[in-house]
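A structural walkthrough
Here is how the chains run, residue by residue.
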Amino acid sequence: MLFVEEPIGVTEAAQVAQVVQVVQVPQQRGETPLDAAARYAEVRHWDVFPGTWLDVVGGAERCSCGDTGCASPGAHPTRPDWAGQATGSAAAARRMWSQHPSSSVLLPTGRSFDALDVPESAGFLALARMDRMGLGLGPVTCTPDRRMLFFVLPGGAAKAPGLVRGLGWDAGFLDMVGRGEGHYVAAPPTRVGGRGAVQWARRPSPAHGRGRGLPDAEELISPLAYACARETADARTRLS
């Protein structure tokens, strides 16, 4: 069932000020990528695989792939067959990360979870509304490129465009991206170039493992779509 709510009627600036008071990013634990990867596999039962890492060259951080124009430095797969490389074994994860301990921690989507990827400002607004609505949430990450990813049950990425159309919008217009089978997400404490690290806006709970305890995309789509629509409208207003 879709949750229908009233459109957001205040300005984005006022919303953001309100959200800062309501939503706080939890303190991040100081884990190495190796320990985090092993924990995701052992405790969460999520598949993991190591990605690129950051090298210091001439005093500047560069992606280990060697591409000076890399779009996601230190946070993308190292090989085309990354999907087959992913493992749910903590021991195997430790072996893989021991070769390059600073490798990024990447999680394939479409297995234990999918992710709905939205602009950060819209994500925080939606998160505050979801809290007020009492919706059950799964893990949520914030990325250094100002995106937020909401973890949902597998299959949610494929359902999202149709659910958004049912609300009268287009997912592409709203800048909402579904990440499902064949995709991946970067997990904390992965660092992306000099931009910072991926962080948890909502940490996974003990119930969030191998698809358990996660919301269906249908449960979150209404507040996400309304927040994205408001963000899109406000962005157009600022440019006009």
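Structure first, text after, so check above.
Our subject in this report is the structure included herewith. Source: prediction; values computed, not measured. (Residues numbered from 1 in each chain as written. Predicted model: local features only at pLDDT ≥ 70, side-chain atom pairs only at ≥ 80, totals over all residues. Heavy atoms only, no water.)

Generally speaking, nonpolar side chains in soluble globular proteins are found buried as a group. Judged by nonpolar contacts, the single largest core of 31 residues is most densely connected at M148, F150 and L224. Counting only elements with at least two residues in this core, the list comes to β5 (114–119), α5 (120–133), β6 (140–142), β7 (147–152), α6 (156–166) and α7 (217–239). It is α7 that provides the largest number of residues to this core, a total of eight residues. With sequence-adjacent residues up to four places away left out, M148 is seen in contact with L116, D117, V118, P119, E120, G123, F124, L127, V140, T141, C142 and A201. (Core = buried A, V, L, I, M, F, W, Y, C linked by side-chain atoms within 4.5 Å. Buried < 20%, exposed > 50% of the residue type's maximum accessible area, 1.4 Å probe, protein only. Helix = DSSP H or I, 4+ residues; strand = E, 2+ residues; numbered from the N terminus. Contact = heavy atoms within 4.5 Å.)

The next thing to look at is the environment of R179. Inspection of the secondary structure assignment puts R179 in strand β8 (residues 177–179). By relative accessible area, which is 24% here, R179 ends up partly exposed. Taking the C-alpha atoms as reference, R179 lies 9.6 Å from P154; in sequence the two are 25 residues apart. Other than its neighbours up to four places away in sequence, R179 contacts T109, D114, A115, D117, L149, A157, Y184 and V185. Only 2.9 Å separates the side chain of R179 from the side chain of D117, close enough to count as a polar contact. (Polar contact = N/O pair within 3.5 Å; in protein donor to acceptor, adjacent residues only side chain to side chain.)

Glancing now at the packing of aromatic side chains. Two aromatic rings, taken as a pair, are described by how far apart their centres are and by the angle between their planes. Scanning the model with the defined rule gives eleven aromatic pairs in all. Seen from their ring centres, W46 and W200 are 6.4 Å apart, and the 45 degrees between their planes marks the pair as tilted. With a gap of 154 residues between them, W46 in the loop between α2 (33–44) and β1 (49–50) and W200 in strand β10 (residues 199–202) connect regions that are remote in the sequence. Across the pair, W200 and W46 agree in class, each one buried. Ring pairing ties together the aromatic residues Y40, W46, F113, F151 and W200, which thus form one cluster. (Phe/Tyr/Trp six-rings, centres within 6.5 Å; stacked < 30°, edge-to-face > 60°.)

Time to look at the sheet that holds β10. Reading across the sheet, the five strands line up as β8-β5-β7-β6-β10 and stay open at both edges, with antiparallel pairing between neighbours. On the outer flanks of this sheet lie β8 and β10, each paired with one strand and no other. On average, each strand axis in the sheet is inclined to that of its neighbour by 30 degrees, with strand direction left out of account. Its contacts with the sheet place α5 against β5, β6, β7 and β10, and it is angled at close to 45 degrees to β7. (Pairing = 2+ DSSP bridges. Axes fitted to C-alpha atoms, helices over the stretch in contact; angles between N-to-C directions.)

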